[in-house]
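Structure assessment
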Amino acid sequence: MNVIAAASTTSTGEAVQFWILGTVAVIGALATILLKKSVHSALALAGTMVVLAVFYLANGAYFLGIVQIIVYTGAIMMLFLFVVMLVGVTAADSLKETLKGQRWLALGCGLGFGILLIAGIGNASLSTFNGLGAANALHGGNVEGLANLIFTKYVFAFEITGALLITATVGAMVLTHRERTERAKTQREMAEERVRGKHLPPLPAPGVYARHNAVDIAGLLPDGTPSELTVMKTLRDRGQIRDVSQEALADLKALEQRSGERLGREDADAVSRGADPASAAENSEAAK
């Protein structure tokens, strides 16, 4: 009778813990369903899993509590969260049904699971309740007692589960494995490929000869043609190279024209001062 009375009553600390953490767990579960963004839903579900781990620890199920935090919350849930953040699933994508009627089917499955859960709890009998403390003390602790059940009473189910997980892992490796269709190259061959047929001396910076500092503008060779070697390979593959050779040549011609006009004025000034036109021409040629 004392065991049944202890099982049916809770202390003040247990009641406070249950109502506070239970409220947080329910809010997190509702937020998982009602939030529009998938990242926020995943974070709410992670918070609910942490609360469940605290419940396990408070009831003496230390192994389940640690596994809940390390495996489910820390590994699986965070992996799912990172995948959602990388893929970038939006609320508009979540509203599209790839299978017709999947929402109604999910609602029916949820109601059925709830009915089974309520029926199971309602039919539970506390007449032979031993308590988790007694079960843990029987084999020296929670982990020891759980190991005793797994490797004695439920060893067949445990082995079947392990074989299923190993089969899934091997299947994933087989599906992602790519057979090599050619001989693996040696280090010497790869080193020769890096230097063979490529420009070995240092390359000029982009836009140097084009008189521009943009990375997508090729430098100009002495004949005025652009050198694509001065632009990074990524921009070359994308076709994002700006050709300013014509503009540079036009600027060069304009500069030469202005220089010629200035030198022409100097020749005219020399003639006006009484100098010999021939000597003035020679001076202008020397200046060029």
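So, how was this worked out
Residues numbered from 1 in each chain as written. Predicted model: local features only at pLDDT ≥ 70, side-chain atom pairs only at ≥ 80, totals over all residues. Heavy atoms only, no water. UniProt positions renumbered as here; feature names shortened; annotations may be inferred. Helix = DSSP H or I, 4+ residues; strand = E, 2+ residues; numbered from the N terminus. Axes fitted to C-alpha atoms, helices over the stretch in contact; angles between N-to-C directions. Parallel < 35°, antiparallel > 145°, perpendicular 65-115°, else oblique. Left-handed = near helix turned anticlockwise from the far one by under 90°. Contact = heavy atoms within 4.5 Å. Nonpolar A, V, L, I, M, F, W, Y, C, P; charged D, E, K, R; others polar. Buried < 20%, exposed > 50% of the residue type's maximum accessible area, 1.4 Å probe, protein only. Expected span 1.5 Å × (residues − 1). Phe/Tyr/Trp six-rings, centres within 6.5 Å; stacked < 30°, edge-to-face > 60°.

1. A closer look at the UniProt feature "transmembrane region" (unreviewed entry) in the protein
Mapped onto this structure's residue numbering, the UniProt feature "transmembrane region" (unreviewed entry) falls at residues 16–35, 42–63, 69–92, 104–122 and 154–175. In residues 16–35, the share of helix is 95% and the share of strand is 0%. The end C-alpha atoms are 28 Å apart.

2. Observations concerning the packing of helix α2 (residues 12–34) against helix α3 (residues 38–58)
When two helices pack together, their arrangement is captured by the angle between the axes and the distance separating the axes. Close contact between α2 and α3 brings their axes to 8 Å; oriented N to C, the two are set at 155°. Classified by the angle between their axes, α2 and α3 sit roughly antiparallel to one another. Every pair of crossing elements has a handedness; the one defined by α2 and α3 is left-handed. In contact with Q17, F18, L21, G22, V24, A25, G28, A29, A31 and T32 of α2, α3 contributes S41, A44, L45, T48, V51, V54, F55 and A58. Residue classes in the contact of α2 with α3 are distributed as 12 nonpolar, six polar and no charged.

3. Let's talk about the side chain of T73
Along the chain, the position of T73 falls in helix α4 (residues 62–87). In this structure T73 comes out as buried when scored by relative accessible area, which is 8%. If we skip the residues at most four places from it in the chain, T73 touches A46, M49, V50, Q68 and M78.

4. Describing the side chain of Q68
As for its placement among the helices and strands, Q68 is situated in helix α4. If we skip the residues at most four places from it in the chain, Q68 touches M49, L52, A53, Y56 and T73.

5. Focus on α3
Since there are 3.6 residues in each turn of an α-helix, residues three or four apart along the chain are aligned in direction. Between its first and last C-alpha, α3 extends 31 Å over 21 residues, near the 30 Å set by a 1.5 Å rise per residue. Along α3, the positions that sit buried rather than exposed are S41, A42, A44, A46, T48, M49, V51, A53 and F55. Those residues of α3 that are buried are in contact with α2 and α4.

6. A few points about the environment of L235
With respect to the helices, strands and loops of the structure, L235 is situated in helix α11 (residues 233–238). In sequence terms L235 and D216 are 19 residues apart; their C-alpha atoms lie 6.9 Å from each other. Setting aside its immediate chain neighbours within four residues, L235 contacts V215, D216, Q240 and I241.

7. Digging into the packing of aromatic side chains
Throughout the structure, instances matching the rule amount to three aromatic pairs. Relative to W19, the ring of F18 lies with its centre 5.4 Å away and its plane at 75°, an arrangement referred to as edge-to-face. According to the relative accessible area criterion, F18 is partly exposed, its value standing at 45%. Between F151 and F158 the ring centres are 5.3 Å apart and the planes differ by 65°, which places this aromatic pair in the edge-to-face class. Members of the aromatic cluster, each reached through a chain of ring pairs, are F18, W19 and F55.

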